[in-house]
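Below, each chain spelled out in residue letters.
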Number of protein chains: 2
Amino acid sequence: MANINNVAKKARVSIATVSRVINNKKYVATKTREKVMSVIEKLDYKPLYSAINLATKRTGNIGFIVWGEHFSEIEKFYSQIFLGMEYSARDSDYYILLTTVKEKFNPKEDLPRFLKYKDVDGVALAGRVPTSLIEYLENQGIPFILIDYGIPDKVCNSVVMDNYNGAFQAVDQIVKSGKKNIGFIGGSYFHPSVKDRYRGYKDNLKSNGLGDSEYFDKFSFLKNVETSPEIGIQGVKHLLSQNIGLDAIFCCNDTTAMGALSELKKYNIKVPKEVSVVGFDDITLSSFCTPSLSTVRVPKLEIGKESYRLLTEIIANPDSTPQTSIIDVEYIQRRSS
Amino acid sequence: MANINNVAKKARVSIATVSRVINNKKYVATKTREKVMSVIEKLDYKPLYSAINLATKRTGNIGFIVWGEHFSEIEKFYSQIFLGMEYSARDSDYYILLTTVKEKFNPKEDLPRFLKYKDVDGVALAGRVPTSLIEYLENQGIPFILIDYGIPDKVCNSVVMDNYNGAFQAVDQIVKSGKKNIGFIGGSYFHPSVKDRYRGYKDNLKSNGLGDSEYFDKFSFLKNVETSPEIGIQGVKHLLSQNIGLDAIFCCNDTTAMGALSELKKYNIKVPKEVSVVGFDDITLSSFCTPSLSTVRVPKLEIGKESYRLLTEIIANPDSTPQTSIIDVEYIQRRSS
DNA sequence: CTGAAAGCGCTTACAG
DNA sequence: CTGAAAGCGCTTACAG
């Protein structure tokens, strides 16, 4: 493999000049630059990253951390976000190191190697993530961003989707279709995304003159456990048992909506005629189930790309004030509403 | 951050000695070693990978390449294999760099950066992968392994599951349940895994005295296109139209079996009573569909771990003769058969 | 068992 | 605009 010395020698310049050329620095005579370029071409010279990294005191790595549980879910939500980051990274000089972290995370023992050895320039945390991990990164001064997550009382750099407006719009569509008694089913109430979706639901109903606090009491089914089809099933059972004339359900996400759909089927309740159902996320299943699920599409790849942009910006400028990128979502009309 | 000089000075030894200690080399007096260790501890010293890599002329990276199409599929087959590799890599000193490659791959333009810059010590190729990529790696002398794939006329280091025996056993179970007219539905006939499963199917029927070439002609539905539920649907239609007393179907994988199941439902044919169905892979859906699908379980994490072992062995020993690791599979009895 | 020194392949002031 | 030289933080013969 050719190195910088070979190139310099063959081009009859110093290695400093070669370095200037490959880094596109100014102050290189056009003729010199061209000559060096042609030699680089001829020798098929590629600079060695470990040498660059050593000299510039960077690592060239970005960590991507996600719960093992989340990564192994059927839906590839976080894998797609990762892929979005990877797409961006391809054209740059960072590698994305994907790793998972387990439920009971202990910073002393379970630290990914790239953190232990300070072998990343920054880290992206996808979804819910141990608080102790976040604190560790803060203490160590490692630049990081939160994706689709947030912590109360803590302002972090983050990328989120527009949960509030997505929910607001979805519920608006339900109302426009003539429904009046619209339930909400949700789990993971600790998750900021769910909170915002719930807010969007309530605010829309209020703005449409439909909901007040009594209404929300009756029509909300919220559990503080991880969302799942099971929550949807329980939610339907509960709402139905209340005898409140339920004619629509807005679920905090598609997974929950899947459970709701299957439970309604059991009761022989027609969707969307009797009860319409709308979810959030647009997971793959949503377009394939029967009836296909109306939902709010979350552009995962775009979230990944924006995450890359934000994180590299922060790495380059560690002392900037924390910012939050909000990714637009889009209501998708299908058969269930 | 402490470096090797700080440690050496504080421990009153040379950096060579510190290096020996951190690399667990012999020829260090116990007392010296202990002293150095305690200083390392006190200073929280971690060696810098870019320096190590530069000095040892390694990269510390392993590439993991998969088709974009495969990575984005619902089923997380290859993601799980990746995760298995990652689990192994955690305790070692390699990072796994995951990237995707597109359908029409051009080695001149679409080379992942870690290949272009020779920034990996080895590469794992997961699933079907462009032949030109494999040739590129061979020409460049970059150590690589094939996972769940193979190329005719080319002996490569590879990790595969025991497709033949898995199919053989599955069909054996079908026969034992009393079925006699057992169809085979498959796509991706170019894929060695499918070929081996088909062979297992035929050999079992032969050994049970059920199948001959005429039988296989009648009972086989094989397409040379990517497997999908659609293939399963077509297969059922075809086999049924033949009026051959079909009473069981062995599908080349679960995805195909899903299509078969749904099509049988349309014809109101009872599974498994009238026609039993068995798949291969044990994807997540298989235990959740109705009826749940009997299948052959492929241990993805284990494949990943074995892949890591094999690849690192090859990296350490590039001139060893190519070897193939075969991972055991397991028949899983569920409701569909 | 230990240390001095060269070397890995880059970047970056500094001097000209 | 260009080059000589120091430096990044390690490893590795070599000599003792």
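Residues numbered from 1 in each chain as written. Chains lettered and ligands numbered in written order. Predicted model: local features only at pLDDT ≥ 70, side-chain atom pairs only at ≥ 80, totals over all residues.

Opposite the 27 residues of chain A that make contact, chain B presents 27 residues. Breaking the side of chain A that touches chain B down by element, the ones donating at least two residues are α4 (49–56), α6 (77–90), β2 (95–101) and α7 (113–116) of chain A. Of the residues belonging to the side of chain A that touches chain B, the class tally is twelve nonpolar, seven polar and eight charged. (Contact = placed C-beta atoms within 7 Å. Helix = DSSP H or I, 4+ residues; strand = E, 2+ residues; numbered from the N terminus. Nonpolar A, V, L, I, M, F, W, Y, C, P; charged D, E, K, R; others polar.)

Attention now moves to the relation of the copies chain A and chain B. Note on the identical chains: chain A maps onto chain B by a rotation of 180 degrees and an axial translation of 0.0 Å, with an RMSD of 0.0 Å. With respect to symmetry, the two chain copies, as superposed, fit the operation of a two-fold axis. Considering only C-alpha atoms, the part of chain A nearest the rotation axis is Ser50 of chain A, at 2.4 Å. (Least-squares fit on C-alpha atoms with pLDDT ≥ 70 in both.)

The next thing to look at is the pairing of strand β3 (residues 122–126) of chain B. Within a regular strand, the side chains alternate between the two sheet faces. All names here are of chain B. Most of β3 sits inside the fold, with five of its five residues counted as buried. Burial of the side chains of β3 extends over both faces: Gly122, Ala124 and Ala126 are buried on one face and Val123 and Leu125 on the other. As defined by bridge partners, strand β1 (residues 61–67) adjoins β3 across five bridges and the pair is classed as parallel. In the sheet register, Ile62 faces β3, and the bridge partner there is Gly122. Judged from the four bridges that link them, β3 and strand β4 (residues 144–147) form a sheet pairing that is parallel. In the sheet register, Val123 faces β4, and the bridge partner there is Phe144. The parallel pair β3 and β4, bridged by helix α8 (residues 131–140), forms a crossover whose chirality is right-handed. (Buried ≥ 20, exposed ≤ 12 C-beta atoms within 10 Å, placed from the backbone. Pairing = 2+ DSSP bridges. Right-handed = clockwise from strand over helix to strand, strands pointing away.)

Right, let's get into the protein's contact with DNA strand D. Around DNA strand D, the surrounding shell holds 26 residues, and the nearest of these are Ser14 and Thr32 of chain A together with Ile4, Ser19 and Ala55 of chain B. Among the elements that line the surface near DNA strand D, the one with the most residues is helix α4 (residues 49–56) of chain B, at five residues. Of the residues belonging to the surface near DNA strand D, the class tally is 18 nonpolar, seven polar and one charged. (Near = placed C-beta within 6 Å.)

The subject of this paragraph is the domain arrangement of chain A. Residues and elements named next belong to chain A. Domain boundaries assigned for chain A yield domain 1 (4–47), domain 2 (61–161 + 301–329) and domain 3 (163–297). Each partner contributes to the interface: domain 2 provides eight residues, whereas domain 3 provides nine residues. Tallied by class, the residues present in the side of domain 2 that touches domain 3 amount to four nonpolar, one polar and three charged. (Domains from an automatic or database assignment.)

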